[in-house]
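# Examining the three-dimensional arrangement
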Amino acid sequence: MPIKKLFLLHLFCIIYFIGSLSEAVAQSVKINNDIKQKIIVFGNEKMTVTLDYNKKANISLLIINGQQLIQGNAGIYSKIITKEATYSTLHLSSAPAIKVSRNTISITGINYGDKNHAINETWTFTIGYSNIKFDMDRTISKAIIAEKVLPSRFYVQQHGYLGRGLSGLWGPGLVLSF
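A brief look at the structure comes next.

### Structural notes on the overall build of the protein chain
The helix and strand tally for the protein chain stands at one helix and 13 strands. In the protein chain, which comprises 178 residues, the share counted as buried stands at 34%. Long-range contacts, defined here as pairs at least 24 residues apart, represent 45% of the contacts in the protein chain between residues at least 6 apart. Surface exposure of the protein chain reaches about 10600 Å², of which carbon and sulfur atoms provide 57%.

Written out as structure tokens, the structure reads:
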């Protein structure tokens, strides 16, 4: 009997440790969605990101290690420039939809453009203990001749954009970590 009790005690300790570990990781990921204001704030111990989705898709505030890098009109958004027009996720036809799971935020219905060039994007943020991964999928209704296509990137207040010197370009499929 003592061996069986000892085994059960060890099993209980292991299960308790694993549960505590996953709870600690979950506590480091913070997500707060203000549906009324259409603003979602998310991040971890090192980074806080604010996404404004009120008829736009724009990261309007970025704080890394306590330092504010982006605020207001500077931000993360997509932009396509043609000879005829400029399209960006700062001007959407309607508010996109937000889906939050444990440590993932998916923004769908990012629709912009015009009747000739309907553009749809989906942004997905996966929040880790010390990083945030950003993925973007884009579809365009028909071929477009663009003079410039700027994938979602950080336009930082004082430094232009968060470029290779700071952490590498934080664009689709890349990870921002500090």
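### Focus: the nonpolar core
Ranked by internal contacts, the top residues of the largest apolar core, which has 28 residues, are Phe 42, Leu 51, Trp 123 and Phe 125. Among the elements of the structure, β2 (39–43), β3 (47–52), β4 (58–64), β5 (67–81), β8 (104–113), β9 (118–127) and β10 (131–140) are those that each provide at least two residues to this core. Once residues lying within four places of it in the same chain are set aside, the contact partners of Phe 42 are Lys 30, Ile 31, Met 47, Thr 48, Val 49, Leu 51, Ile 105, Phe 125, Ile 127 and Ile 132.

### Digging into unusual backbone geometry
Positive phi outside glycine occurs at Lys 38, with the angle close to 60 degrees. Assignment of secondary structure puts Lys 38 in the loop between β1 (30–34) and β2. Taking the relative accessible area as the measure of exposure, Lys 38 reaches 27% and is therefore partly exposed.

### Topic: the packing of aromatic side chains
If you walk through the whole model with that rule in mind, you get four aromatic pairs. Judged by centre distance (5.0 Å) and plane angle (50 degrees), the ring pair of Phe 42 and Phe 125 falls under tilted. In this pair, Phe 42 is assigned in strand β2 and Phe 125 in strand β9, connecting sequence segments 83 residues apart. Taken together, the aromatic side chains of Phe 42, Trp 123, Phe 125 and Phe 134 make up a single cluster linked through ring pairs.

What counts, and at which threshold
Residues numbered from 1 in each chain as written. Predicted model: local features only at pLDDT ≥ 70, side-chain atom pairs only at ≥ 80, totals over all residues. Heavy atoms only, no water. Helix = DSSP H or I, 4+ residues; strand = E, 2+ residues; numbered from the N terminus. Buried < 20%, exposed > 50% of the residue type's maximum accessible area, 1.4 Å probe, protein only. Contact = heavy atoms within 4.5 Å. Areas by Shrake-Rupley, 256 points an atom, 1.4 Å probe, with all protein chains shown as cover. Core = buried A, V, L, I, M, F, W, Y, C linked by side-chain atoms within 4.5 Å. Phe/Tyr/Trp six-rings, centres within 6.5 Å; stacked < 30°, edge-to-face > 60°.

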